[in-house]
Every structure is written in structure tokens, then in C-alpha cells.
Amino acid sequence: MSHHPRFNVFGRIVEVQRQGAQWQSYLIGMDGKRAPAGWVVPDFIEADELAQYLADLFHESAMPHNGEVHRIS
């Protein structure tokens with residue numbers, strides 16, 4: 001099990017991990033495999049700001065049926 005923070009981002013599972021000074025973002029598939037997310041979390045974002053940043057980044061993807069952004073691990 002990963003110790004990196006995972007978030008439910010409007011129904012999609014995202015893992016974000018710090019590698020040195022940079023954040024790396026991954027989409028987690030239904031099979032549990034990670035794939036590069038293809039978007040950037042700026043280096044200045046703190047760990048406790050990740051959920052809000054992801055909510056701001058993907059708010060246009062929000063639908064009434066797919067919830068909100070929250071940490072799941």
C-alpha cells in the first residue's frame with residue numbers, strides 16, 4: 001500500500017508524491033496501477049494544500065453526482 005497521499009478528485013483517484021523539490025502526480029486506474037497524470041502541481045504547494053489545489057484545478061470537472069475532492073489515504 002502506498003504511503004503517498006491519494007485523493008478522490010471528483011470521482012478519479014489521484015496520487016501525489018514529493019520527489020525532491022517537485023510534486024509528481026499520478027492517476028490510479030481501476031486495476032491499482034499508476035500512470036503519469038500529465039498535469040503539474042507547483043512546487044510551492046504545501047502538502048496540506050493539495051486537496052484545495054486539486055479542487056481548484058479540476059472544479060470544471062465537478063458534476064453533482066461525483067462528489068468533491070478529499071484525501072483517501
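Heads up: the structure comes first, above all this text.
Residues numbered from 1 in each chain as written. Predicted model: local features only at pLDDT ≥ 70, side-chain atom pairs only at ≥ 80, totals over all residues. Heavy atoms only, no water.

Remarks on unusual backbone geometry
Residues other than glycine seldom take positive phi values, yet F10 does so here, at roughly 50°. In this fold, F10 is placed in the loop between β1 (6-9) and β2 (12-19). (Helix = DSSP H or I, 4+ residues; strand = E, 2+ residues; numbered from the N terminus.)

A look at the sheet that holds β2
One open sheet accounts for five strands, arranged β4-β3-β2-β1-β5; its pairing is antiparallel. Since the sheet does not close on itself, it has two edges, and those belong to β4 (34-36) and β5 (69-71), each with one partner. Going across the sheet, the axis of each strand differs from the next one's by a mean of 35°, ignoring polarity. By the bridge criterion, three bridges tie strand β3 (residues 22-28) to β4 in an arrangement that is antiparallel. Residue pairing for β4: Y26 is matched across the bridge by P36. Lying on the sheet, helix α1 (residues 50-58) is in contact with β1, β2, β3 and β5; it crosses β1 at an angle near 30°. (Pairing = 2+ DSSP bridges. Axes fitted to C-alpha atoms, helices over the stretch in contact; angles between N-to-C directions. Contact = heavy atoms within 4.5 Å.)

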